[in-house]
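# Tertiary structure, described
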Amino acid sequence: MSDPPQDVQRQTWTLPADLEAAVKGEIQAWQEAGKVRRLWERDASLWTGTDEASWLGWLGLPEEEIAQLDHLKGAQEDARAGSFDHVLLLGMGGSSLCPEVLRMTFGRVAGFPELHVLDSTDPAQIRAVERRLDPAKTLFIVSSKSGTTLEPNIFKDYFFDRVRRAVGEESAGSHFIAITDPRSKLHQVAETAQFRHVYLGVPSVGGRYSALSDFGMVPGAIMGLDVEHFLRRAAEMAMACSAAVPVADNPGTTLGIVMGVLARRGRDKVTLIASPGIHDLGAWLEQLLAESTGKEGRGIVPVDREPSGDTAVYGADRLFVYLRLEPSPDLHQDEHVAALERAGHPVVRIRVGHRYDLGQEFFRWEFATAVAGSIIGIDAFNQPDVEASKVATRKLTEQYERAGMLAPEAPILEGDGLRLYADERNAAQLMAVPGARSSIVGALRAHFERLRRGDYAAFLAYIEMSEAHEQTLQAMRRMVRDGKHVATCLGFGPRFLHSTGQAYKGGPNSGVFLQITCDDAVDLAVPGQKLTFGVVKAAQARGDFQVLAERQRRALRVHLGKDVAAGLETLRRSVEQALT
């Protein structure tokens with residue numbers, strides 16, 4: 001075990017003897033080869049020797065943002081001066097997950113507007129967000145690094161129309177700011193529409209590594225955080241991860257070595273356990289780990305928000321990481337993690353002293369992910385399979401624009417108000433299993449029977465991300481985990497497409513996927529287009545499934561109909577019966 005210097009949060013680990021020896025050997029190898037120095041020098045040969053050096057701008061972000069604090073303080077003062085009650089960030093993936101973590105961790109700060117985040121094309125979710133806001137008293141942040149991402153662009157169109165109706169054409173732009181890279185399409189749109197302000201990203205910083213840039217810090221400032229304190233905590237972690245610190249004492253490097261070494265030895269399911277006060281950090285970590293490492297048939301599969309269980313239900317493919325918020329720990333989590341250690345499971349413990357130490361965690365995990373990517377042997381900064389889903393979705397939405405409809409689909413089975421869909425290969429495999437053709441339960445049983453040791457099950461739900469829906473889906477996760485002794489994941493679409501979707505399609509072919517879709521009770525039009533948000537969501541789900549099938553993934557889609565709550569409950573009962 002090893003501790004970082006005293007001015008950063010403590011990190012320890014407990015590993016079985018063989019894994020401890022392998023980690024120590026890798027630490028020594030990194031020390032002898034000067035690999036931390038090479039990382040700071042942006043040596044692309046640490047990964048694949050291609051363009052990685054062009055994507056390491058995040059290394060200098062803490063100091064660079066501190067050096068230009070005036071523009072963050074100006075954003076904070078300007079938002080207060082605008083007398084806005086609410087701020088709604090419109091973005092996906094790396095543009096939305098850090099602001100969501102800040103919102104969920106700090107809540108509303110007295111004297112500042114309340115931050116909300118929209119990262120779903122589900123019409124019910126858009127309506128739920130819209131009902132909380134008065135467009136005339138809301139500041140909208142359109143956040144997109146490339147400026148061409150579909151979702152934030154149509155979000156902007158929808159809410160700009162709402163604001164224009166509320167305050168008039170001439171004043172609408174003053175309710176919007178943009179965060180984007182220089183000279184992007186969004187940059188041009190914002191200037192034309194006379195947005196209140198445009199904040200520019202750093203081209204050498206990828207979206208999932210952008211938490212400590214304006215993509216994370218401008219929303220943080222506007223919601224009232226002390227961004228200087230936040231960034232100084234991050235800078236302390238950057239110093240602790242510097243090449244001057246011995247590898248054994250370097251928190252980012254050692255965490256990355258543990259993850260990379262264990263992933264190479266089959267423990268590639270990094271299971272995150274975070275104190276309730278910082279629980280949403282896991283959503284940000286999911287994207288960072290999955291999108292950075294899950295490619296070329298290798299990588300880490302992050303497991304977030306999985307209900308705790310008996311130690312016997314966990315396989316030998318797990319690494320547990322416990323992020324413990326020291327002022328307000330959860331005693332049940334303490335007991336659970338201690339039981340995992342006693343049972344011989346590998347566990348990393350990270351002590352987080354204060355909510356503002358999330359600044360440290362952002363940098364620690366970015367550095368660790370880059371190190372793990374080097375050990376796994378992939379480019380930790382590209383996301384080739386995310387683009388594949390975007391291309392598939394684009395073809396489907398273009399088809400809709402031409403024909404006014406998406407191509408009809410034929411289910412492979414119907415019953416109990418549910419419909420099942422699959423591609424030809426998956427359908428043939430499932431329907432060949434005795435009993436699969438006779439009922440929904442039989443087909444689900446055949447699907448889950450495809451799970452093997454070392455696999456994981458993922459529920460991909462293209463429905464409103466609500467507490468009630470999540471509770472039902474979490475119950476299904478628990479059933480599968482306990483019945484099959486495999487790791488389980490849960491993602492709401494389309495947001496997971498910009499996050500874990502990369503690992504699901506490009507990482508190890510060890511996932512068994514259950515995609516869940518629905519009919520929208522009420523749809524919403526996208527201003528100026530034939531498209532509706534419901535059509536976009538449906539196209540995203542179809543495109544997602546298409547790429548999973550092309551990648552030879554084991555996948556099945558279940559369609560709930562319009563009554564999502566009732567359909568989910570029927571599915572829950574069916575899953576329960578399928579596992580008995």
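Residues numbered from 1 in each chain as written. Predicted model: local features only at pLDDT ≥ 70, side-chain atom pairs only at ≥ 80, totals over all residues. Heavy atoms only, no water.

Turning our eyes to something else, we now look at the overall build of the protein chain. Helix and strand counts for the protein chain come out as 22 helices and 16 strands. The C-alpha atoms of the protein chain give a radius of gyration of 23 Å, which matches the 25 Å a tight globule of 580 residues would have. By principal-axis analysis of the C-alpha atoms, the protein chain measures approximately 65 × 65 × 45 Å. Considering the protein chain as a whole, with its 580 residues, one finds that 62% of them fall into the buried category. When the accessible area of the protein chain is evaluated, it comes to approximately 20,800 Å², of which 49% is carbon and sulfur surface. Counting 66 positive and 76 negative side-chain charges, the protein chain places the averaged centre of each group 4 Å from the other. (Helix = DSSP H or I, 4+ residues; strand = E, 2+ residues; numbered from the N terminus. Rg over C-alpha atoms; globule rule 2.2 N^0.38 Å. Buried < 20%, exposed > 50% of the residue type's maximum accessible area, 1.4 Å probe, protein only. Areas by Shrake-Rupley, 256 points an atom, 1.4 Å probe, with all protein chains shown as cover. Lys, Arg positive; Asp, Glu negative; His and termini not counted. Charge placed at Lys NZ, Arg CZ, Asp CG, Glu CD.)

To continue, consider the packing of helix H18 (residues 440-448) against helix H22 (residues 564-578). The geometry of H18 relative to H22 is characterised by a closest axis approach of 8 Å and an angle of 60° between their N-to-C directions. Comparing their axes, H22 and H18 come out oblique. The handedness of the crossing between H18 and H22 comes out as right-handed. Counting all contacts with H18, which are made through Ile 440, Val 441, Leu 444, Arg 445 and Phe 448, the residues of H22 involved are Leu 571, Ser 574, Val 575, Gln 577 and Ala 578. (Axes fitted to C-alpha atoms, helices over the stretch in contact; angles between N-to-C directions. Parallel < 35°, antiparallel > 145°, perpendicular 65-115°, else oblique. Left-handed = near helix turned anticlockwise from the far one by under 90°. Contact = heavy atoms within 4.5 Å.)

Mapped onto the elements, Ala 172 comes out in helix H8 (residues 169-172). You can call Ala 172 buried: its relative accessible area is 0%. Residues Ala 172 and Arg 37, 135 residues apart in the sequence, show an inter-C-alpha distance of 49 Å. Once residues within four sequence positions are removed from consideration, Ala 172 is found in contact with Phe 160, Val 163, Arg 164 and Val 167.

Moving on to the sheet that holds strand E15 (residues 511-517). Within the open sheet, the six strands sit side by side as E11-E12-E16-E15-E13-E14. Their pairing is mixed. Each edge of the sheet is formed by a strand with only one pairing partner; in this case those strands are strand E11 (413-415) and strand E14 (487-492). Pairs of neighbouring strands in the sheet enclose a mean axial angle of 20°, with direction left out of account. Taken together, the six bridges between strand E13 (residues 456-461) and E14 define a ladder with parallel strand orientation. The partner of Tyr 456 across the bridge, within E14, is Ala 487. (Pairing = 2+ DSSP bridges.)

Here we come to the nonpolar core. By size, the foremost hydrophobic cluster in this structure holds 99 residues, and its most contacted members are Trp 58, Met 259, Trp 284 and Trp 365. For this core, the leading source of residues is helix H15 (residues 358-376), giving eleven residues. Setting aside its immediate chain neighbours within four residues, Trp 58 contacts Ser 204, Val 205, Tyr 209, Phe 363, Glu 366, Phe 367, Ala 370 and Phe 381. Leu 413, Met 479, Val 512 and Leu 514 belong to the second largest nonpolar core, which has 36 residues in total. (Core = buried A, V, L, I, M, F, W, Y, C linked by side-chain atoms within 4.5 Å.)

Bringing the environment of Met 479 into the picture now. Structurally, the position occupied by Met 479 is in helix H19 (residues 467-484). Measuring from C-alpha to C-alpha, the distance between Met 479 and Glu 576 comes to 6.7 Å, with 97 residues separating the pair along the chain. For Met 479, the contacting residues outside a window of four places in its chain are Arg 572, Val 575, Glu 576 and Leu 579.

On to helix H1 (residues 17-32), then. Helix length check: H1, at 16 residues, gives a terminal C-alpha distance of 23 Å against a target of 22 Å (1.5 Å per residue), a fit within 8%. Residues of H1 that are buried: Leu 19, Glu 20, Ala 22, Val 23, Glu 26, Ile 27 and Trp 30. Each buried residue of H1 sits inside an arc of 165° when the element is viewed along its axis, so together they form one side. Across from the buried face of H1, at angles greater than 90 degrees, the exposed residues are Ala 17, Lys 24 and Glu 32. Looking at the packing, one finds that the buried side of H1 touches strand E1 (11-14), helix H2 (35-40), helix H12 (251-264) and H15. (Expected span 1.5 Å × (residues − 1). Arc of directions from axis to C-beta.)

The next thing to look at is the packing of aromatic side chains. Under the defined criterion, the tally for this structure stands at 27 aromatic pairs. Between Phe 160 and Phe 195 the ring centres are 6.5 Å apart and the planes differ by 20°, which places this aromatic pair in the stacked class. Residue Phe 160 is located in helix H7 (residues 150-167), and its partner Phe 195 is located in the loop between helix H9 (185-192) and strand E6 (197-200); the two are separated by 35 residues in the primary sequence. Each member of the pair, Phe 160 together with Phe 195, is buried. We note Arg 557 situated over the ring of Tyr 421; from NZ or CZ to the ring centre the distance is 4.3 Å. (Phe/Tyr/Trp six-rings, centres within 6.5 Å; stacked < 30°, edge-to-face > 60°. Lys NZ or Arg CZ within 6 Å of the ring centre and 35° of its normal.)

Of all five residues that make up strand E5 (residues 176-180), five are buried, and the element is covered over most of its length. Every second residue of E5 is oriented toward a common face, with Phe 176, Ala 178 and Thr 180 on one face and Ile 177 and Ile 179 on the other, all of them buried. As judged from the four bridges shared by strand E4 (residues 138-143) and E5, these two strands associate in the parallel manner. Looking at E5, one finds that Ser 143 is bridged to Ile 179. Bridge analysis of E5 against E6 gives four bridges, and the strand direction is parallel. Bridged to Ala 178 within E6 is Val 198. Tracing the backbone out of E5, into H9 and back to the parallel element E6 gives a crossover that is right-handed. (Right-handed = clockwise from strand over helix to strand, strands pointing away.)

For the rest of this paragraph, the subject is the pattern of salt bridges. Going through the model one piece at a time under the given rule, you end up with 45 salt bridges. In this structure, Lys 24 and Glu 20 form a salt bridge, with 4.0 Å as the shortest nitrogen-oxygen distance. Here Lys 24 and its partner Glu 20 are both found in helix H1, four residues apart, which amounts to about one turn of the helix. For Glu 20, a relative accessible area of 12% translates into the label buried. Lys 269 is paired through a salt bridge with Asp 317; the nearest N and O atoms lie 3.1 Å apart. (Salt bridge = Lys/Arg side-chain N within 4 Å of Asp/Glu carboxyl O.)

The subject of this paragraph is the packing of helix H4 (residues 69-81) against helix H11 (residues 227-240). Running from N to C, H4 and H11 point in directions that differ by 145°, and their axes come no closer than 10 Å. Residues Leu 69, Leu 72 and Lys 73 of H4 pack against Val 227, Glu 228 and Leu 231 of H11. The class makeup of the residues in the contact of H4 with H11 is four nonpolar, no polar and two charged. (Nonpolar A, V, L, I, M, F, W, Y, C, P; charged D, E, K, R; others polar.)

In this section: unusual backbone geometry. Going from Gly 493 to Pro 494, the amide bond is cis rather than trans, its omega being 5°. Even without a glycine there, the phi angle at Ser 83 is positive, about 55°. Mapped onto the secondary structure, Ser 83 falls in the loop between H4 and strand E2 (86-90). Accessibility expressed as a relative area gives 53% for Ser 83, which makes it exposed. Despite not being glycine, Arg 183 has its phi angle at roughly 65°, a positive value. Residue placement: Arg 183 occurs in the loop between E5 and H9.

It is worth stressing that arrangement in space is one thing and function is another; only the former is reported here.
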